[in-house]
Amino acid sequence: MNTSCSRALLLFAFLFAPALATATTCPATNVITDNQAFNWTYHPADANNPQPYYSGTMEMGEASLSIGGYSLTTRAYRQAGGQYSIPGPTLKMKPGEKYVLSFHNTLPYEMPSPEHNVYKDPNISNIHTHGLHISGQSPGDDVTRSFEGGYGGDFVYDMPADHMGGTFWYHAHHHGSTYLQVSGGAFGLLVVDDSADQIPANVAAMEERELVIAYLDTGAAGTGGDSLLSGNLPSTWTVNGKIAGNFCMPPNTWQHWRVLLADRNAMEKTVTVGANCEVKLLARDGVWRTTAPKTLTTNGLSLTGASRADFAVRCQGDSTLSVNNTVVANVYVDGSADTAPNPYAADGVSSWSAARPSYLRDLRNETNVNTESVQMGARTVNGSKFDHMTPTFSLAPTHVQEWSVNGAARHPFHLHVYHVQSLNCGGDFEDGEYYDVVASNCSIRFDLNAATSTPYYGRTIMHCHILAHEDQGAMGWLQVTGGTGAPTFPADGNVPAYGAYYAFGGGTTPTAPNAPSNLAAAAVSAAQIDLSWTDNSGDEQGFEIYRSSDGQSFNLLDTVGADITSYSDTASLSPSSTYWYHVVAYNGAGSSDLSNTASATTQAGGTPTAVTVGSISVSTYGAGQGKKGGRAVIVVRDDQGGLVEGAIVSGAFSGSFTESATSSATDASGSTTVDTTATAKGNVAVTFCVTSISHASLTNFSGSICASL
C-alpha cells in the first residue's frame, strides 16, 4: 500500500472512530465548569491618553466558601465587584498589549514583621504572574512589593509582541506568607492568547477547557500567626474548586485541556487521564512543544506542583482524572461527537511546530555561554538565605546562560521572567524543551544576551517552589545589569493617576520614614560590637542594620522593630577586626535614606573556656497529611563569642509536644537541629529549652534557656 493510501485510511479511521457504549448521561450536580473570566476595561488612545491599554482591579480578601459540603474560611482572589473563589478568576492577556492590574488587599491591616525568612504576615499579600516573560522590576511583576490590608498598588504588564501564547498562572508571593496563602487557595489561571503562534487551524478549533487541579492544605492554618484559615474542610485535591467533581465532554471529540497543577508542595506528581481516553501533549509551562503532538502512551505526565500542561484529550467512554493514583475528577462522555478538530497538522496525522519567539529559540549549540552553579537547599540558595539587598548573581545581558542546578530533585527550581531549556534533565523534562520549574539535578540554558533575546534589567527572583522552603529562606535573585527597563504607568489623563503603593477607600497613603542619624559603634569584647542611633521618624515599621568588613560592600545583618535604637552585633565577629555599619528605617511605603556610617574594631581575643547558648530558633516542619512537628535550631558559642563545633545539646520540647531531645554535634557554623518525633495538626505551639551543652574541651553548660514559637 502506498503512503498516500495509508494516510487516507488513517485519516478516515480518525475522523469516524465510533463512540463506545460505555458513555453515560452527564450528572447534573457537582459539575466542573470553566472558571470565571476576569474582565478587562479597554482604554483607547485619545487626546488625553497617548497609548491604549487594559485595566482591572483584583482584590485579595476573606472568603467563606462551601466546598464539597465542607466549610472553608480563607484568603482568596476576586475581581472587584465579584465573588471570591478558588481558583480566582482567569486572567486572559494578549501579546503586544499593555495591562494595568490594580491589586487591593481588603484583609484586616497588620503591621509587617521585621523578621526575615520566617513564616509571618498572614494578612499581607500581593500577586505574581508565574511564567510570563515580562519585567520583574516595579511597577512590573515585582514580588518584593507587598501590601497590608487597606493598601494596594498598580502592576504594569507590558506583554512583548512576540510573547508565546499558552497556559500560565498567578498566585500570592509575599515572602513569609506564600505557603499559607497558596495553601488556602490564593491562585488562579492565566492564559495568553495563542492566535499568532501559527498553530494549525484544526488545533485552534479544539474546544478549550480550563482545569485547575489544586491541593488545598488546611493544615497550614496557624502558620505565621494566622487566625483566619479555618473550617471543617480536610486537606484535599480539588478541580476548579470541586471535590471529586464531574467533568463532561462529547464522545470521540478532541478537546484542548489547559491543566494547572497548583500545589504548595511542588514535588513532582503524575497527572493521569484514565482508560477509554487518548492523551497527547501539546505544551508544557506555557510553551508549545518543539514538535506537537506527543502521544502519552500511559495517559500520564509528571508535573511539579507549579507546572502546567496543555493536553489534547479524546474519550470514547467514561473515565477519570487522577493525581498520583488518587481520582480527583470523574470524566463523563455525553452528547454529540465533533470529529473535525484534532491535535495534528492540517493533514490529520502529522506533527507540527508553532512559531517560537527569540527568547525560546534552541540554545543547545550556542557558544557565547556564561556558566554558573546553583545549589538548592531546604532553606537556602547557594548556601545563603534570601537577602533582598544581596543578589545571588550579578550578570550583564551579554551571554547565553548555562546554569548547573543541583538539589532541585528535592527542591524544585523556579526562575522568574525566563523559561529555561532542559539539558538532559531526564524524566518528563525532555532535552531541548522549555520549562519554568525544573525538578531535576541537571543543566539548563536561557538567553540573557540583549543582542539575540529580550533580557530585562534588574531583579529576577529564583527560589525553591516548595513554598514552605521559599518562605524560610530558599530564595535568591539575579541582578541583570542591563536590558529592557521597568514598565511605566500609562499617562492617561482620563483616569486618576496610577501608583505603586497607596491606601484605597479614603485612607491616607504613607510616605517613607526619615533616615536615622547619630549612628555610633563601640566594641565591648572580641566578639561583640554595640550600636546605637537616633530615631527621626514616628511611622517606621522597623530598622534594617547593614554590616561591612571592608567599608564598601554592605550586607543585611539583621532587622529590629519600630522605636528600637540599639543593637548588639555578635554574629561571627573576629578579634582585632574592623567592621562598618549603617542603618535604614522602613515602612510599607519604602525605605529611608542611609544613616551615617559608623565603625568599630573588636578587642583582641582571649582563650575560650566554656560553652553557652548563642541562640535558639523555634519553628515547625511539615510531616505530611497536614501534620507538623516541632523544630529547634540551636547555635552554640564559647565565652569569647566564637562559634563552637562539636558540641552536643540536650533539652526538652513543651507546648503541643512534650518530649526530651538530644542533638548531634554542632557543625562548623555552631549550629545543630532537633525535631520532635511526635506530630500534630492545626495550630501548633512549640517551646524548646536547652538544659545542657557538653563539649570535649570546653566547660559544659547547664541551666535553662528557652525560646517559643
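Residues numbered from 1 in each chain as written. Predicted model: local features only at pLDDT ≥ 70, side-chain atom pairs only at ≥ 80, totals over all residues. Heavy atoms only, no water.

1. Here we look at the sheet that holds strand β46 (residues 686-694)
One open sheet accounts for four strands, arranged β44-β43-β46-β47; its pairing is antiparallel. On the outer flanks of this sheet lie β44 (659-662) and β47 (701-708), each paired with one strand and no other. Going from strand to strand, the sheet's axes swing by 20 degrees on average, the running direction of each strand aside. In this sheet, β44 lies alongside strand β43 (residues 648-655) in antiparallel orientation, the contact comprising four bridges. Residue pairing for β44: A652 is matched across the bridge by S660. (Pairing = 2+ DSSP bridges. Helix = DSSP H or I, 4+ residues; strand = E, 2+ residues; numbered from the N terminus. Axes fitted to C-alpha atoms, helices over the stretch in contact; angles between N-to-C directions.)

2. Remarks on the sheet that holds strand β22 (residues 369-375)
Sheet architecture is open: five strands sit in the order β22-β24-β29-β26-β27, paired in mixed fashion. In this open sheet, the two edge strands, each paired with only one partner strand, are β22 and β27 (434-435). As paired elements, β22 and strand β24 (residues 398-406) share seven bridges and run parallel to each other. Considered in β24, the bridge of V374 is made with V405.

3. Comments concerning the packing of aromatic side chains
Counted under the stated rule, the structure contains 26 aromatic pairs. Centroid distance F653 to F688: 4.8 Å. Interplanar angle 55 degrees. Geometry classified as tilted. Here F653, found in strand β43, pairs with F688, found in strand β46; they are 35 residues apart in sequence, far enough to count as distant. Owing to a relative accessible area of 2%, F653 belongs among the buried residues under this scheme. An aromatic cluster is built from Y77, F103, Y109, F147, Y151, F155, Y157, Y170 and Y501, whose rings are joined through pairwise contacts. A cation sits over an aromatic face here: R145 above F155, 4.1 Å from the ring centre. The ring of F429 carries the charged tip of R284 above its face, separated from the ring centre by 5.5 Å. (Phe/Tyr/Trp six-rings, centres within 6.5 Å; stacked < 30°, edge-to-face > 60°. Buried < 20%, exposed > 50% of the residue type's maximum accessible area, 1.4 Å probe, protein only. Lys NZ or Arg CZ within 6 Å of the ring centre and 35° of its normal.)

4. Digging into the state of the cysteines
By the definition in use, this model includes four disulfides. For C425, the disulfide goes to C442, at an S-S distance of 2.0 Å. On the sign convention where negative is left-handed, the bridge of C425 and C442, at about 75 degrees about the S-S bond, is right-handed. With C425 in the loop between β26 (420-423) and β27 and C442 in strand β29 (residues 442-449), this pair connects stretches of sequence that are 17 residues apart. Disulfide partner of C689: C706, at an S-S distance of 1.9 Å. (Disulfide = S-S within 2.5 Å.)

5. What about the pattern of salt bridges?
This structure, assessed with the given rule, holds 24 salt bridges. The salt bridge partner of K269 is D263, with a shortest N-O separation of 2.9 Å. Put simply, R364 and D362 hold a salt bridge, and the shortest N to O gap is 2.9 Å. Residue D362 is classed as partly exposed on the basis of its relative accessible area of 41%. (Salt bridge = Lys/Arg side-chain N within 4 Å of Asp/Glu carboxyl O.)

6. A few points about the confidence of the model for the protein
Predicted coordinates in regions of low pLDDT should not be interpreted in detail. The share of residues in the protein with pLDDT of 70 or more is 96%, and the mean pLDDT across the chain is 93. For the stretch residues 1-23, pLDDT sits under 50, and the model shows 33 contacts to residues farther than four places along the chain or on other chains. (pLDDT = per-residue confidence, 0-100. Contact = heavy atoms within 4.5 Å.)

7. A closer look at the side chain of H171
Along the chain, the position of H171 falls in strand β8 (residues 166-171). Filtering out sequence-adjacent residues up to four positions away, H171 remains in contact with Y77, I127, H128, H130, V182, A186, F187 and H465.

8. Looking at the pairing of strand β30 (residues 458-464)
Of all seven residues making up β30, seven are buried, and the element is well covered by its neighbours. Across three bridges, strand β25 (residues 413-415) lies against β30 in antiparallel orientation. Counterpart to L415 in the pairing with β30 is M462. With six bridges joining them, β30 and strand β31 (residues 475-480) adopt antiparallel strand pairing. Residue pairing across strands places H463 opposite M475, the latter belonging to β31.

9. What about the side chain of H256?
Tracing the backbone shows H256 in strand β13 (residues 255-262). At a separation of 2.6 Å, a polar atom in the side chain of H256 contacts the side chain of D310. When neighbours within four sequence positions are excluded, H256 is seen to be in contact with M206, E207, E208, R209, L282, W288, D310 and F311. (Polar contact = N/O pair within 3.5 Å; in protein donor to acceptor, adjacent residues only side chain to side chain.)

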